[in-house]
Every structure is written in structure tokens, then in C-alpha cells.
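Coordinate inspection notes
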Amino acid sequence: MALDEPKTTDFKYVGTRPDRPDGFDKVTGRAKFGADMSAPGMLHAAILRSPHAHARILSIDTSEAEAMKGVKAVVTRADFSKNVPFESGLSGEFWNILENVMAGEKALYDGHAVAAVAATSALDARDALKLIKVDYEVLPHVTDVDAAMASGAPVLRKGAADSSVPEGLHPNVVRYHESGHGDVEAGFTAADLVIEDSFVTEATHQGYIEPHACLATLGSDGKGELWCTTQGHWHAQKVCAALLDLETSQLRVTASEIGGGFGGKTTVFIEPVALALARKANRSVKLVMNRSEVFRATGPTSSTSMDIKIGMTKDGKITAAKGVFCLQGGAFPGAPCDESAMCAFAPYNLENVLQVGYDVMSNRPKQAAYRAPGSPMAAFAVESVIDELCKKLNLDPIDIRLKNAAHTGSKSSFGPRFDAIGLVETLEAAKAHPHYSAPLKPGQGRGISCGFWFNHGGETAVSLALSEDGTAQISVGTPDIGGSRASMALMAAEELGIPYDHIRCTIADTATLGYNEISHGSRVTYASGLATIKAARDAVEKLCKRAAAKWGIPEEAVKWQDGFAVPSGPNAGDFDPIPLKDLTADMGATGGPIVGHFEASPEGAGVSFATHLVDAEVDPETGKTEILRYTVVQDAGKAIHPTYVEGQYQGGAAQGIGWALNEEYIYGDDGRLQNAGFLDYRIPLASDLPMIDTVIIEVPNPGHPYGVRGVGETSICPPLAAIANAVSAASGVRLRQLPMSPPRIVAALKNQSNG
Amino acid sequence: MSKIHVSTTVNGDEVEFLCDPRETLLDCLRDKLNLTGAKEGCGTGDCGACSVTLDDRLVCSCLVLGAEAEGKTVSTVEGMAEGESLHPLQQKFIEYAALQCGICTPGILVATKALLDKNPDPTESEVRYWLAGNLCRCTGYDKIIRAIMDTAADLREAS
Ligand code: FES
Ligand code: FES
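**A few points about the overall build of chain A**
- Secondary structure summary: chain A contains 21 helices and 27 strands in total.
- The C-alpha atoms of chain A give 27 Å as radius of gyration, which agrees with the globular expectation for 755 residues (27 Å, within 12%).
- Considered along the principal axes of its C-alpha atoms, chain A spans approximately 90 × 75 × 50 Å.
- Counting only residues that meet the buried cut, chain A has 66% of its 755 residues in that class.
- Expressed as a percentage of contacts within chain A between residues at least 6 apart in sequence, the contacts between residues at least 24 apart total 80%.

Laid out in C-alpha cells, this is it:
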């Protein structure tokens, strides 16, 4: 999309830090999240889940449950569409989602849904589950990524591999990615030092505190209403319609306030089930997951197994880099092996680079996006090797990254040349930060890492209506997952020239706007922001037209300045400026309501880079790592509301700390998840963390009117590696497996002293 | 199963409800009294999103049975503001952007108020450890801790 030069200075509202519009509701308890909505005569639902990692479903007998008092409907796969075609890879995504939402012939992981009940109370629904008899034939299972690719591994499903997969690989390998340029072998030969190493990371969960929840109504007339906690209600509408043979437009979906998503609420799990029950019972149905279901049956990340080889000259020039990224994505295609591969070396300007990715199925829940999916694990592996190279060659880790840094115009590791980017600026700011030169005590270590994420644009529609009193209401279609209602209002205030407080931004339902892609890919402030600015400009154009008519001069002779229509120059005539509210006051009589629109799929989302610094101390006796100090430096392009940008930086860093040190999916030999609760899957607590310092770099993105880049995801890319590097500096051992939990650190230290 | 009749006081109001002996106080607050401010993040006492006070003791309402509220006094986030004025903690949480998604906020506010009622001058570590039972996945706690320390200082000055 052709854009004028971004506006980067002289902002009146953008860059200020007003209170968020949803704050009052959230501190008083009146904000309505997924589980907070009810309907008259509503039923409660519960889902029966497979206790087996892999089993053929021989039969399901629901008769006793159906006969139970209070039970109004029971559904199995037979109650969903039979018209969703199975296709290989991601082309069959609707089928994949359907199969995940309700098992067909086989249960594919511990926790896979096999039936569901709606009853007059939640307790009755849960009791009724016990009356459903499922006859399983237990099959051999596999949950480890390397094991799932090995010959002889149980096959999850034949025909799931798409055409990208080379001949001769196990049928569990369903997608393949390869990219790069130059000649890596020649590059390795030219190196003074080559390090080759292998890394593994366990799956982690997004860990949003709000479990999935929805309230569904659907009649046999095919018209439905769905209230749900989601990052994308148009997507939910589309998928639910396909899975239940509904017309998309007949299902209206409203997004609730969302209690965290981080990528994990970009797909559907329970919504089609609630709708199927509602249709069968002809009553509204509320379905809320419990925490154990969230862990067992909603998307964690992929687990990974990665091999990295990097060559460097004595003075720190990287001569070649190669990476192989095997990602296990659960029982369906979709593990982000391509993103891992493409992000892995993106911070570096490389002559020779090759990256290969494998998407592998196993008997685990279908992976879902988690903040920059695929990138943090790849950064962990690559940045650990770079750290080792720097150590062995006695080079400063920031200088070396600066020396090899990707910059504006350099060819990226994944192909295209970079437009304006701010990696060098983040490295320079990190180097100049007092954190980098602060003294460390014995037993403490400092780690650094860079990180990269693409960011995304996507289908976006916004409308902005002016009210008679001169205030404005914005309707956007992207659920607010990071304070975006405030950011939209700030951008609209800037364009309209009216105060932030005079603007209200609402997340519209699916009946109110055109299709809006999910709130993912850090796209909201970029794409909905761009659309808001354009919608405001559209409204301004209409305002100028009304002023022109009042003055009897051509439209082009009117311009908009700071909330006023003014004659564009001395030749336009001598008229007193008209404030916005005077133009809206009589708009009914001067041509009708004034509404600005924008609908498009903006494609100028700027990529983003970050550099993180972390100090850690490792207790050699217990293996516990304490994070002493943490600094995030990241390019935001333009921070619309700096406080929320900081919040994204801090939140991403905290999640990265959890991923690095504690969080992991633990499967038993029986293929069952052993830690499906917050006690055993331990996310960082207030007492685990220090304050998290932030530095916002602003290198404007030429693809946005104010230079905005997405900021939500990049912040989770560097922490895994930065912490691994700090742990290595502090303890003297290099951990190649995440999480670096106390037992693993103790074992590594023991190995080292034995070896 | 026959239901239990419970009379209790919630946020100063006398209320009654009928509950199944298995239903938690959280279920009763949310489903019977329509007080959905307390949230269920886990149902197992691990996340603190359901924090309320029961006779001035901070509890996870998911670990208390509805029947146990009989004759007691329950306070939830809905009772924190006085009339039109927000409690200073609520005010500061907005000001500091100490919330993002806000699902943890009711629990954290109730828990923090209970702390400051007991200890008006906590150290940062004391606040961090007091809140160790309240998970927040969005913020990294930084702005939450700052908002609390600042509120505590203000309240001390005011008293
Ligand atoms: S819901 Fe009670 S502690 Fe999590
Ligand atoms: S603000 Fe989202 S969990 Fe705390």
C-alpha cells in the first residue's frame, strides 16, 4: 500500500499515557469475560475427554447419560458437519479443527474430546459424563518429536503430509520448509571456528488465566448467537459455521472481554461443541473449560529438537549458519517450523545461510500460536551458539552482534531485503545501558540475546461515527488484547483533533463490520491503527465537505487543522474556522450522519527486533536460578501509548523467564500429561521476578502512517537464549535443554565436575 | 441431592441462596448471586483469581464451600469502591496500567487490600511474597508492584 512518509513528530495525543478506557470496568469487577455471561433458561455443558494418548474409538454409548434427569442434550462427532473435506497439510485446516474439537475414529491425545453433555446444572452435566460409555482400543503412541519422526513410530494419520515433504520421511512429518542463500559449506570452510550443537525445548502453554468459555444459542432455523472469549470472533464465526453446516452470516459472534490469549485464543475449541448442544437442546448453553482441560486440550507450543551450526572468523565475522528445526505440533499439521527456520538467523546479515524445518505430528494436543510462534525456540538455539563462539574467541557479545547485524537494506536470512529496521539501534542502546556495565558478583552471570518477529497486517475493517455533540465512536473488529482501545482512541484523537476522552472505542460484533482477521501477529496497533487513522481521515474529508458547503467554496479549499475546518489558504476566502462539534451539531440537516470507514488488508507491517540483557545467579546446590536484573530493548516503530508498549515488553519477558526456567509439558510413559494444573505447571510468580526495565526504540515503520510496528510478540523471542547465556556465564555449564529447571542444572553441574 | 439454605452477608448486604453441598463459594457468588467479579482461573487454589475475604480472612473462594459462608461476612471486588469513589488501589491500578487483560485484577486487588489492612508499610519483597498466590500472566508484575507501593505510601501519608 502506498503511503505518504510517516508522521513521526509533533504529536499532540499519540505518545501520551492516558488511562485505559476499560480500566474502570476491570478494577470494579464489572468487566464481562467469557464465563461472566448468562442467558435465561441457560444450560451448562461439560466435555468427556479421552484418557488415552492414542486409541481407536470402537463405540460410544450415550443412552444412560441421555436418560439422566436434567440432561437435555448429548453430542458426539455424529452431530457435526459431514461436509468438511479431509485434505493434507494446512489445506485441510477446517477438518483438522473439527477433528480436534470432537474426535472421529480415533482419540489422538490425552484430553481429546469424545462427547459432550448439556444439562440444567454444571454439576449434572459433569455427573452425566460418567454415564457415557466409550469402548476404546488402545493404540501405541508417541509424544516426543525425535521419536515421532523415527522409523517404526506409530503413525497418527496417513495422508496428512502435504507436497512439501520430501520422499522417504515418516508419515508423521507433514510439512517441510527450506530456505536460505549462498553456500554454507564454503562458508564453514572459511571460518576459524565452527560450533555445531543440538538443542531441545519442551512444550509450554500460553497460560492465560481465563479458561476458554462461551455462551451459545442456536435454533433449528440456523440462526445463532455466540459469546466467547477469543482473539478473533470473525474466525470463530467462519469455523463454527463450517463445522455445523450454518450460513456464516446467520451466526453472530460477540467477543467477550478476553482474559489473556497470547495466541492461544486464535482458534476454537469449545465453541462448535456449545453450538451443537444448543441446537440439539434448543436452549442456550454455557460451556466453560476447567484448568486441567485448558492444559490437556488447548494448544501449547510445539516442543522442538534443533541442530545449529555456525562458523565465525577470529575477528567475529559469521561466515555461515545452518539450522535444522524439528517441531512437534501435536496430532495435526501446523507446527510453526517455517517460522522457526525463517526467524532463526534473521538478526544477522549473512552471506551463507541454510535453514530447514520439519512439522511433525505426535499424540499431543494440537499446538496453537504462542507469541511469535516458533521464533523463541530458534533464538534459544542460535543465540546460545553465538554466545559460545564469542566466549571461545574472546569477543564481546554485543560488538559481535553489531558487527553481523542485519540492517536497513540488507538481505534477510529468509529472502527479501529489509526495509527500515532498528536492530542496530537496540544493540547500541543495550550497550550504552548502565545494565551492561554494572558489576557482577561471583556466581552471577550476564546474558544477552537478540530476537526477531515478522509482524502481520491482515484483513481489517474500522468505522468511526461522529456524534452530534462532537464526540466520536470507533468500531474495531480486533479483540483488545493489549490496550488497543486506548491506542485507537489516541490515533483517532490525533487525526480528528478532539481530546482522547471524547472518543470511545468498542470491539464490534461480527454483524456490525466487515471481516476482521484475528488479533494475532502483533497486528492490532498496526492494522486496526492504520484503519482507524484512515477512517478518521475519511470522516475529516466529509467534515471538510460540510464546511465547504457552508462557506460556498470548493471542498479542496478546506483543510482540517487541530479539530477545525479552516480555509486552505488566502485564496480560499476569509472565513472563521469551524470546530468539529459545530459541523456535527447540525449534520442531520447538512447531509446526514458523518461516518468514516476503512476496509483493506494492509501489507506494510514492519518487522521488529529486540535485544535483551539479563543477570542471573545460580545456586549450585539446589540448581535454582534467580533473575536479578532484566532489561528489554525493543524497536516499537512508534509507541502510541508508551505505558502499554512497556507492558508488552515486560509481559513477554516474564513469560520468557517462565519458559526458560520452569515451564514444561511433562508426559508419562503412558502418554498422559502429568502436570495439568498451575501447581505443577508453574508460571512465574511475583516473588520470582525482579522489576523489568524497558527501553523503547523508535525506528519508524514506513508501512504505517505514524511508523507503528507491532510490539506484542518480539518481546518473548530473546529471553530463552538471554537467560541460557546468563546461566552459562553464572554457573559455567551450558544448558541445551529447556526448561533449565533446578534438577537439570544440578545434573549438568554434576556432569561437568565428573567429566 | 437436597440443597442447603445459606444466609450470609456479601459486601454488606444480607443475602440468601440454596446450594448443592458440592458447590464452592465461588460458584455461589458467580452463579447464584451474579457477582462475577471473582474469577475462576484454576478451581484448585493455585491462581488467586477467585480471592475474596471471609470474615476478614483472605481466601480462595474456589476452595471454600458455599455452605461454609453461613453466618459469615464475605467481601469481593464489587464491594471495594465506596459509592462513586474507587478505592485508592483501584485508582492506582488504572493510573499505573497495572492491568492488561484484567482477569487477575479483582483477585489481586482483594488480596492487596487484605495485605495493606494488616501491614500498611510492606517492603517490595513482602508485597511480592504476599501476592505469590495471585498469578498474572500479562504484566510481569512490575507495574502491579509499583502501583501497590505507591498506594501504600499515599495511604500512610493520609492516615
Ligand atoms: S480459581 Fe481459586 S485459586 Fe484459582
Ligand atoms: S492482567 Fe492479565 S493476567 Fe493479570
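**Concerning the environment of A:L673**
All names here are of chain A.
- Within the secondary structure layout, L673 lies in the loop between α19 (642-661) and β26 (692-697).
- When its relative accessible area of 11% is taken as the criterion, L673 is described as buried.
- Measuring from C-alpha to C-alpha, the distance between L673 and L123 comes to 25 Å, with 550 residues separating the pair along the chain.
- With residues up to four places along the chain from it excluded, the contact list for L673 reads D110, F295, R296, Y665, I666 and Y667.

**Here's the deal with the interface of chain B and chain A**
- Contacts between the two partners involve 45 residues from chain B, matched on the other side by 51 residues from chain A.
- When chain B packs against chain A, close to 4000 Å² is buried across both sides, 59% of that on carbon and sulfur atoms.
- Taken together, chain B and chain A are joined by five salt bridges.
- Linking chain B to chain A there are 22 residue pairs in polar contact (both at pLDDT 80 or more).
- If you list the elements that add at least two residues to the side of chain B that touches chain A, you get α2 (88-95), α3 (105-118), α4 (124-130) and α5 (142-158) of chain B.
- The class makeup of the residues in the side of chain B that touches chain A is 21 nonpolar, nine polar and 15 charged.

**So, the domain arrangement of chain A**
All names here are of chain A.
- Each assigned domain of chain A is listed here: domain 1 (23-31 + 457-600) and domain 2 (374-455 + 606-753).
- Taking the mean C-alpha position of each, domain 1 and domain 2 sit 38 Å from one another.
- Listed per partner, the contact involves 17 residues of domain 1 and 16 residues of domain 2.
- For the domain 1 and domain 2 pair, buried surface summed over both sides reaches about 1200 Å², with 63% attributable to carbon and sulfur atoms.

**Things to note about the nonpolar core**
- The biggest cluster of nonpolar side chains holds 181 residues, and the ones touching the most others in it are A:V273, A:I310, A:I723, A:M740 and B:F93.
- Here this core takes 10 residues from helix α11 (residues 375-393) of chain A, the largest share from any one element.
- Non-local contacts of A:V273, meaning those with residues more than four positions away in its chain, are made with A:I47, A:V75, A:F80, A:V101, A:M102, A:A116 and A:L287.
- With 55 residues, the next largest nonpolar core counts A:V462, A:Y526, A:L530 and A:L580 among its residues.

**Things to note about the packing of aromatic side chains**
Residues and elements named next belong to chain A.
- Applying the stated rule across the entire model yields 19 aromatic pairs over all chains.
- Measuring from centroid to centroid gives 5.3 Å for Y176 and Y358, while their planes differ by 65 degrees, and the two rings are edge-to-face. Within this pair, whereas Y176 is found in strand β7 (residues 173-181), its partner Y358 is found in strand β15 (residues 353-360), the two being separated by 182 residues in sequence.
- Relative to F380, the ring of F199 lies with its centre 5.5 Å away and its plane at 80 degrees, an arrangement referred to as edge-to-face. One end of the pair, F199, is in strand β8 (residues 193-201); the other, F380, is in helix α11, and 181 residues separate them in sequence.

**What to know about the sheet that holds strand β21 (residues 564-567) of chain A**
Residue and element names in this part refer to chain A.
- One open sheet accounts for three strands, arranged β20-β21-β22; its pairing is antiparallel. Strands at the two margins of the open sheet, each flanked by one partner only, are β20 (558-561) and β22 (578-579).
- Examined bridge by bridge, β20 and β21 share four bridges and lie antiparallel to one another. The residue of β21 that forms the bridge with V558 is P567.
- Helix-sheet contacts for helix α16 (residues 524-551) involve β20, β21 and β22, and the interaxial angle to β20 is about 125 degrees.

**Quick word on the packing of helix α12 (residues 397-404) of chain A against helix α13 (residues 423-432) of chain A**
All names here are of chain A.
- Where α12 meets α13, the closest approach of the two axes is 10 Å, and the angle between their N-to-C directions is 160 degrees. If you check the angle between α12 and α13, you find them roughly antiparallel. In the crossing of α12 with α13, the sense of the turn from one axis to the other is left-handed. Of the residues in α13, those in contact with I398, D399, R401 and L402 of α12 are V424, L427, E428, A430 and K431.
- Looking at the contact of α12 with α13, its residues break down into five nonpolar, no polar and four charged.

**Some details on the side chain of B:K92**
Residue and element names in this part refer to chain B.
- If you trace the backbone, K92 turns up in helix α2.
- For K92, a relative accessible area of 11% puts it in the buried group.
- Here the side chain of K92 touches D154 through a polar contact of 2.8 Å, side chain to side chain.
- Apart from residues no more than four positions distant in its own chain, K92 is found in contact with A147, D150, T151 and D154.

**A short note on unusual backbone geometry**
- A cis amide bond links A:L738 with the next residue in sequence, A:P739, at an omega value of 0 degrees.
- The topology assignment puts A:P739 in the loop between β27 (737-738) and α21 (742-754).
- Phi is positive for A:D10, close to 60 degrees, though the residue is something other than glycine.
- With respect to the element layout, A:D10 can be found in the segment before α1 (23-28).
- With phi around 55 degrees, B:A97 is a residue other than glycine that occupies positive phi space.
- Mapped onto the elements, B:A97 comes out in the loop between α2 and α3.
- Among the residues examined, B:A97 registers a relative accessible area of 7% and is labelled buried.

**Digging into the sheet that holds β15(A)**
All names here are of chain A.
- Here six strands make up an open sheet; going across it, the order is β7-β15-β14-β13-β8-β27 and the pairing mixed. Looking along the sheet, the strands with just one partner apiece sit at the ends: β7 and β27.
- Where β8 lies against β27, two bridges are found, and the strand directions are parallel. Note on β27: the bridge partner recorded for V200 is Q737.

**What about a negative patch on the surface?**
Residues and elements named next belong to chain A.
- Where like charges cluster on the molecular surface, the negative patch consists of D144, D146, E196 and D307.
- Mapped onto the elements, D144 comes out in the loop between β6 (133-138) and α5 (145-149).
- Of the residues examined, D144 reaches a relative accessible area of 40% and is grouped as partly exposed.

**Here we look at the pairing of β15(A)**
Residues and elements named next belong to chain A.
- With respect to burial, β15 is a largely interior element, seven of its eight residues being buried.
- Looking at chain direction, β7 and β15 are connected through eight bridges and run antiparallel. Bridging from a neighbouring strand, E178 pairs with V356 of β15.
- The pairing of strand β14 (residues 318-328) with β15 spans eight bridges and is classified as parallel. Its bridge partner lying in β15, A321 is registered against V353.
- Crossover handedness for the path β14 to helix α10 (residues 337-344) to β15: right-handed.

**A look at the side chain of A:R709**
Residue and element names in this part refer to chain A.
- Tracing the chain through its elements places R709 in the loop between β26 and α20 (719-731).
- Here D635 takes part through its side chain, which lies 2.8 Å from a polar atom of the side chain of R709.
- Polar side-chain contacts of R709 include one of 3.5 Å to the backbone oxygen of P700.

**Overview of helix α15 (residues 484-496) of chain A**
Residues and elements named next belong to chain A.
- Taking 1.5 Å per residue as the helical rise, α15 with its 13 residues ought to reach 18 Å, and the 18 Å between its terminal C-alpha atoms agrees with that figure.
- Most of α15 is tucked away, with 13 of its 13 residues classed as buried.
- Phi turns positive, to about 75 degrees, at G497, one or two residues after α15.

**So, the pairing of strand β19 (residues 503-507) of chain A**
All names here are of chain A.
- Side chains I503, C505 and I507 project from β19 onto a buried face, and the interleaved R504 and T506 project onto a face without burial.
- Two strands pair when backbone bridges link them, and strand β18 (residues 472-476) and β19 are joined in this way by five bridges, in the parallel orientation. By the bridge assignment, Q473 is partnered in β19 with R504.
- Note on the crossover from β18 through α15 to β19: the handedness is right-handed.

Reading the values: the criteria
- Residues numbered from 1 in each chain as written.
- Chains lettered and ligands numbered in written order.
- Predicted model: local features only at pLDDT ≥ 70, side-chain atom pairs only at ≥ 80, totals over all residues.
- Heavy atoms only, no water.
- Helix = DSSP H or I, 4+ residues; strand = E, 2+ residues; numbered from the N terminus.
- Rg over C-alpha atoms; globule rule 2.2 N^0.38 Å.
- Buried < 20%, exposed > 50% of the residue type's maximum accessible area, 1.4 Å probe, protein only.
- Contact = heavy atoms within 4.5 Å.
- Buried area = accessible area lost by both parts, 1.4 Å probe.
- Salt bridge = Lys/Arg side-chain N within 4 Å of Asp/Glu carboxyl O.
- Polar contact = N/O pair within 3.5 Å; in protein donor to acceptor, adjacent residues only side chain to side chain.
- Nonpolar A, V, L, I, M, F, W, Y, C, P; charged D, E, K, R; others polar.
- Domains from an automatic or database assignment.
- Core = buried A, V, L, I, M, F, W, Y, C linked by side-chain atoms within 4.5 Å.
- Phe/Tyr/Trp six-rings, centres within 6.5 Å; stacked < 30°, edge-to-face > 60°.
- Pairing = 2+ DSSP bridges.
- Axes fitted to C-alpha atoms, helices over the stretch in contact; angles between N-to-C directions.
- Parallel < 35°, antiparallel > 145°, perpendicular 65-115°, else oblique.
- Left-handed = near helix turned anticlockwise from the far one by under 90°.
- Patch = residues over 30% accessible without salt bridge, like charges linked within 9 Å, V, L, I, M, F, W, Y side chains within 5 Å.
- Areas by Shrake-Rupley, 256 points an atom, 1.4 Å probe, with all protein chains shown as cover.
- Lys, Arg positive; Asp, Glu negative; His and termini not counted.
- Charge placed at Lys NZ, Arg CZ, Asp CG, Glu CD.
- Right-handed = clockwise from strand over helix to strand, strands pointing away.
- Expected span 1.5 Å × (residues − 1).

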